[in-house]
Amino acid sequence: MNSYTLKQLFDTIGSRLSSIYSGNEVQAIRKLLFDKVVGIPHFNVHINPNVNVDVETVTRISDILNELEQGKPVQYAIGEADFMDMIFMVNPNVLIPRPETEELVSWIVGNNKNASPKILDIGTGTGCIAIALAKYITNVQVSAIDISPMALNTAELNAKNNDVRVDFINADILAAPAIANAPFDIIVSNPPYVREMEKQVMHRNVTEFEPHLALFVSNNDPLLFYRTITINAHRWLKRDGQLYFEINEAFGNEIKDLLIENGFKDVEVRKDINGKNRMAYGRR
């Protein structure tokens, strides 16, 4: 493959992505590729446009662009995603961590930074919630459950790479299992909550690449996971323990009612930075 200057590579990325992404998305992806693959800030293009890029880097960028043109999310193409100032390995066995989930984690950390709690993360995926809580809360003990052994393999590597201890458990939460280390001070879950009917309005880079097991629930029972966790909280959560959910914005009122009906106090549904109902809290 021919060598490229920084400016030529910058322009090539833009031209190849402009037909499938918006202008803002192209800028964000180009910045990410320069940061993660080229290894320099993208603004260096304007400072040193004629600096040559090595052939190996150009080849990798070209391979990534091929994958992006097929609809693969850029995080999967690169193999990693940023979350709470940490780097997480990602692959099609796990959901890509979202900024909304950072808001949920920040809420939990803010309420418990020096509480030395025992925490359970249900449906851990990459482990991003569990690992971030282990990183940012003092003297914490964290356990994390997932039904997918492949997801847990990824989560274990992420915990090791981010230098934290998390106890990972392979279990189906819908079977209401006995959980080691229960009861907990805090339970948090970002469970599957996207209704099957919502697939038609979602981007193909989600529906064709991210794991459906972690995303979708039946149209007929969209609160399945929330109900199972809430009903079984008396077994898994200490008295006065805290329960946090990431939620589908369409079901804020229903989840609030579910928590209240099951005896939770101080129930709150909180909006994310975009003004959508995306988080819920209750105290047992």
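Since the structure is predicted, the reported quantities are computational estimates derived from the model, not experimental observations.

K.L.:
Could you clarify how one ought to interpret the overall build of the protein chain in this entry?
P.N.:
If you tally the helices and strands in the protein chain, you get 13 helices and 13 strands. Each of the 284 residues in the protein chain was classed as buried or not, and the buried ones make up 50%. The contacts in the protein chain between residues at least 6 apart in sequence include a share of 65% that link residues at least 24 apart. As presented, the protein chain carries roughly 13500 Å² of accessible surface, and 47% of it is formed by carbon and sulfur atoms.

K.L.:
How do you make sense of the packing of helix α11 (residues 224-231) against helix α13 (residues 252-261) when you look at a structure like this?
P.N.:
Helix-helix packing is described using two parameters, namely the angle between the two axes and the distance between the axes. α13 packs onto α11 with a crossing angle of 20 degrees between their chain directions and a minimal axis gap of 10 Å. One element, α11, and the other, α13, form an angle in the roughly parallel class. α11 and α13 meet at a crossing whose hand is right-handed. Of the residues in α13, those in contact with Tyr 226, Arg 227 and Thr 230 of α11 are Ile 255, Leu 258 and Leu 259.

K.L.:
I keep staring at the environment of Val 74 and nothing clicks. Help me out?
P.N.:
Looking at the secondary structure, you find Val 74 in helix α5 (residues 74-78). Classification of Val 74 as buried rests on a relative accessible area of 9%. Sequence separation between Val 74 and Leu 33 is 41 residues; the distance between their C-alpha atoms is 8.7 Å. Once you skip the residues sitting within four places of it in the chain, Val 74 turns out to touch Ile 29, Leu 32, Leu 33 and Leu 68.

K.L.:
For this particular structure, what's the right way to read helix α8 (residues 149-161)?
P.N.:
Since the α-helix advances by 3.6 residues per turn, residues separated by three or four positions end up pointing in the same direction. Between its first and last C-alpha, α8 extends 18 Å over 13 residues, near the 18 Å set by a 1.5 Å rise per residue. Just beyond α8, the residue with positive phi is Asp 163, at close to 60 degrees.

K.L.:
Help me out: how do you make sense of the packing of aromatic side chains in this one?
P.N.:
Taken as a whole and assessed by the stated rule, the structure comprises six aromatic pairs. A centroid spacing of 4.9 Å and a plane angle of 85 degrees characterise the contact between Tyr 226 and Phe 245, whose relative ring orientation is edge-to-face. Taken together, the positions of Tyr 226 in helix α11 and Phe 245 in strand β11 (residues 237-246) put the pair 19 residues apart, joining distant regions of the chain. We classify Tyr 226 as buried; its relative accessible area is 1%. Judged by its relative accessible area of 0%, Phe 245 is buried.

K.L.:
How should the pattern of salt bridges be read in this particular structure?
P.N.:
When the charged atoms of two side chains lie near each other, side chains of opposite charge can form a pair. Enumeration according to the criterion identifies 15 salt bridges in this entry. The partner of Glu 69 in a salt bridge is Arg 16, with the nearest N and O atoms 3.0 Å apart. A residue pair is termed long-range when its members are at least 10 positions apart, and Glu 69 in helix α4 (residues 55-69) and Arg 16 in helix α1 (residues 6-17) qualify at 53 residues. A salt bridge links Asp 82 to Lys 36; the shortest N-O distance between them is 2.8 Å. Of this pair, Asp 82 sits in strand β3 (residues 80-83) while Lys 36 sits in helix α2 (residues 23-38), and the two are 46 residues apart along the sequence. Residue Asp 82 is classed as partly exposed on the basis of its relative accessible area of 44%. By sharing partners, the salt bridges in this structure join Asp 240, Lys 265, Asp 266 and Arg 283 into a single network.

K.L.:
Just checking my understanding: could you explain the side chain of Gln 242 for this structure?
P.N.:
With respect to the helices, strands and loops of the structure, Gln 242 is situated in strand β11. By relative accessible area, which is 14% here, Gln 242 ends up buried. Within polar-contact distance, the side chain of Gln 242 engages the side chain of Tyr 244 at 2.5 Å. Non-local contacts of Gln 242, meaning those with residues more than four positions away in its chain, are made with Asn 111, Asn 112, Asp 185, Ile 186, Ile 187, Leu 237, Tyr 281 and Gly 282.

K.L.:
Would you mind showing me how to read the sheet that holds strand β8 (residues 184-189) here?
P.N.:
Each strand in a sheet pairs with its neighbour through backbone hydrogen bonds, running either in the same direction (parallel) or in the opposite one (antiparallel). Taken together, seven strands build an open sheet; the order of strands is β7-β6-β5-β8-β11-β13-β12 and the sheet is mixed. Each of the sheet's edge strands pairs with one partner strand only, and the pair in question is β7 (167-170) and β12 (265-271). Between one strand and the next, the sheet's axes are offset by a mean angle of 15 degrees, whatever the strand orientation. Relative to β7, strand β6 (residues 141-146) is paired through four bridges, and the arrangement is parallel. Bridge assignment links Ile 145 to a residue of β7, and that residue is Ile 169. Together, β5 (118-122), β8 and β11 form the strand contacts of α11, whose direction differs from that of β11 by roughly 170 degrees.

K.L.:
Even after reading the chapter, I still don't get the nonpolar core, so can you show me in this structure?
P.N.:
Nonpolar side chains in soluble globular proteins tend to be buried together. Grouped together as the largest cluster of nonpolar side chains are 32 residues, with contacts concentrated most on Leu 133 and Val 166. Those elements giving two or more residues to this core turn out to be β4 (86-89), α6 (99-112), α7 (128-136), β6, α8, β8 and β13 (277-283). For this core, the leading source of residues is α7, giving seven residues. Ignoring any residue separated from it by four or fewer positions in sequence, one finds Leu 133 in contact with Val 105, Ile 108, Val 109, Ile 119, Val 140 and Val 188. Membership of the second largest hydrophobic core comes to 25 residues, among which are Ile 229, Leu 237, Leu 243 and Leu 258.

What counts and what doesn't
Residues numbered from 1 in each chain as written. Predicted model: local features only at pLDDT ≥ 70, side-chain atom pairs only at ≥ 80, totals over all residues. Heavy atoms only, no water. Helix = DSSP H or I, 4+ residues; strand = E, 2+ residues; numbered from the N terminus. Buried < 20%, exposed > 50% of the residue type's maximum accessible area, 1.4 Å probe, protein only. Contact = heavy atoms within 4.5 Å. Areas by Shrake-Rupley, 256 points an atom, 1.4 Å probe, with all protein chains shown as cover. Axes fitted to C-alpha atoms, helices over the stretch in contact; angles between N-to-C directions. Parallel < 35°, antiparallel > 145°, perpendicular 65-115°, else oblique. Left-handed = near helix turned anticlockwise from the far one by under 90°. Expected span 1.5 Å × (residues − 1). Phe/Tyr/Trp six-rings, centres within 6.5 Å; stacked < 30°, edge-to-face > 60°. Salt bridge = Lys/Arg side-chain N within 4 Å of Asp/Glu carboxyl O. Polar contact = N/O pair within 3.5 Å; in protein donor to acceptor, adjacent residues only side chain to side chain. Pairing = 2+ DSSP bridges. Core = buried A, V, L, I, M, F, W, Y, C linked by side-chain atoms within 4.5 Å.

On their own, these measurements won't tell you what the molecule is for.
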